[in-house]
Amino acid sequence: MSALYWKTMGEGDRDLVLLHGWGLNAEVWGCTLARLAPHFRLHLLDLPGYGRSQGYAALTLQQMAEIVLEQAPAKAWWLGWSLGGLVASQIALTQPQRTCGLISVASSPCFHAEEDWPGIRPNVLSGFQQQLSQDFQRTVERFLTLQTLGTASARQDARTLKGVVLNQPIPSVEVLNGGLEMLRTVDLRRAMTSLSPALPLLRIYGYLDGLVPRKVAALVDDLLPASRSVIIDKAAHAPFISHPDEFADVIKQFVDNSTH
């Protein structure tokens, strides 16, 4: 089995594992590391098959969570962005004893749209899957551009995301298709209601997010009334890039309040 790329840094005494989203890698957190490192022991990894964690085929959500747990601290705060939010949620569901708390960022327990649930239309996800094999780089760039639409810094934010992808080994089409399949099929809504109300759970959203619409926040508020949601104004799908100070402050405050 291949080893995950895993880097630990920071001066804090609380372990915080950061899980990136589809198509990307741990370098995506660059904008916020200096703000979080004084307060946490940060664990930065490339998910299996992404970036520097090569040698993996497409995985199920459960398989990905198990591989990440093999190298993780005995107990940690888990922060997952987008697809990474599904992985972090799966870890909290299956290994609650290893979870101090769960923070999801621009994520949803169900990414695909249904009649009574906002999200990404299934035909959009299927279209990306078909296009990947035809024009890999253009398809990935289109998906990254969608993540920053509407923000004041959209062009710069999109360039940042593209740089993160292109500066590291690129995932295979098989791995990327596997990730899109997770977004298209996984539904953790019912499972998440079994989380202990005592588990600290923070959900961060971008007001302008076109992939995880802000309407999801209120729906998950109803599903998980013990959790807390924060919507960052003028942010889209990558609030830690467009609003790094506000993003880091929300996390620090939440963890501090949950551990005192």
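Not measured: the values here are computed from a predicted model.

Asks: Let's hear about the sheet that holds strand S4 (residues 76–81): which residues, and what values?
Replies: In sheet architecture, strand pairing relies on hydrogen bonds along the backbone and comes in two forms, parallel and antiparallel. In spatial order, the strands read S1-S3-S2-S4-S5-S6-S7; together these 7 strands make up an open sheet with mixed pairing. Unpaired on one side and paired on the other, strand S1 (6–9) and strand S7 (228–232) mark the two borders of the sheet. For this sheet the average axis-to-axis angle between neighbouring strands, irrespective of direction, equals 20°. Bridge count for S1 against strand S3 (residues 41–45) is 4 bridges, and the pairing is antiparallel. The residue bridging Thr8 from the neighbouring strand is His43, located in S3.

Asks: So what's going on with the pattern of salt bridges? Residues and values would help.
Replies: For the structure shown, the criterion picks out 10 salt bridges. For the salt bridge of Arg189 with Glu114, the shortest nitrogen-to-oxygen distance reads 2.9 Å. Here Glu114 lies in the loop between strand S5 (99–105) and helix H4 (122–134) and Arg189 lies in helix H8 (residues 189–192), a separation of 75 residues in the sequence. For Glu114, a relative accessible area of 33% corresponds to the partly exposed category. Linking Arg203 and Asp221 is a salt bridge whose minimum nitrogen-to-oxygen distance equals 2.9 Å. With Arg203 in strand S6 (residues 201–206) and Asp221 in helix H9 (residues 215–223), this residue pair connects regions lying 18 residues apart in the sequence. Classification of Asp221 as partly exposed rests on a relative accessible area of 29%.

Asks: Any details on the UniProt feature "active site" (unreviewed entry) in the chain? Residues and values, ideally.
Replies: Per the UniProt record, "active site" (unreviewed entry) is found at Ser82, Asp209 and His237. For this annotated set, covering 156 residues, all C-alpha atoms fall within 11.1 Å of each other, a compact arrangement in space. You can see Asp209 is positioned in the loop between S6 and H9. If we ignore the near neighbours within four places in the chain, the residues touching Asp209 are Ala106, Ala235, Ala236 and His237.

Asks: Just give me the short version of the nonpolar core, but keep the residues and values in it.
Replies: Counting 89 residues, the largest nonpolar core has Trp29, Trp78 and Trp81 as its most contacted members. Not counting residues up to four positions away in its chain, the partners in contact with Trp78 are Val17, Leu19, Val68, Leu69, Ala72, Ala88, Ile91, Arg98, Thr99, Gly101, Leu102 and Ile103.

Asks: Kindly report on the UniProt feature "domain: AB hydrolase-1" (unreviewed entry) in the chain, identifying the contributing residues and their values.
Replies: The sites that UniProt annotates as "domain: AB hydrolase-1" (unreviewed entry) are residues 16–244. Annotation note: span residues 16–244, helix share 41%, strand share 14%, distance between end C-alpha atoms 17 Å.

Asks: Lay out the packing of H4 against helix H7 (residues 173–185) with the relevant residues and their values.
Replies: Across the interface, H4 lies against H7 with an axial gap of 10 Å and an inter-helix angle of 175°. Classified by the interaxial angle, the pair formed by H4 and H7 is roughly antiparallel. Facing Pro122, Leu125, Ser126, Phe128, Gln129, Leu132 and Ser133 of H4, the residues of H7 in contact are Val173, Leu176, Asn177, Leu180, Glu181, Leu183 and Arg184. Class assignment of the residues belonging to the contact of H4 with H7 gives a composition of 8 nonpolar, 4 polar and 2 charged.

What counts and what doesn't
- Residues numbered from 1 in each chain as written.
- Predicted model: local features only at pLDDT ≥ 70, side-chain atom pairs only at ≥ 80, totals over all residues.
- Heavy atoms only, no water.
- Pairing = 2+ DSSP bridges.
- Helix = DSSP H or I, 4+ residues; strand = E, 2+ residues; numbered from the N terminus.
- Axes fitted to C-alpha atoms, helices over the stretch in contact; angles between N-to-C directions.
- Salt bridge = Lys/Arg side-chain N within 4 Å of Asp/Glu carboxyl O.
- Buried < 20%, exposed > 50% of the residue type's maximum accessible area, 1.4 Å probe, protein only.
- UniProt positions renumbered as here; feature names shortened; annotations may be inferred.
- Contact = heavy atoms within 4.5 Å.
- Core = buried A, V, L, I, M, F, W, Y, C linked by side-chain atoms within 4.5 Å.
- Parallel < 35°, antiparallel > 145°, perpendicular 65-115°, else oblique.
- Nonpolar A, V, L, I, M, F, W, Y, C, P; charged D, E, K, R; others polar.

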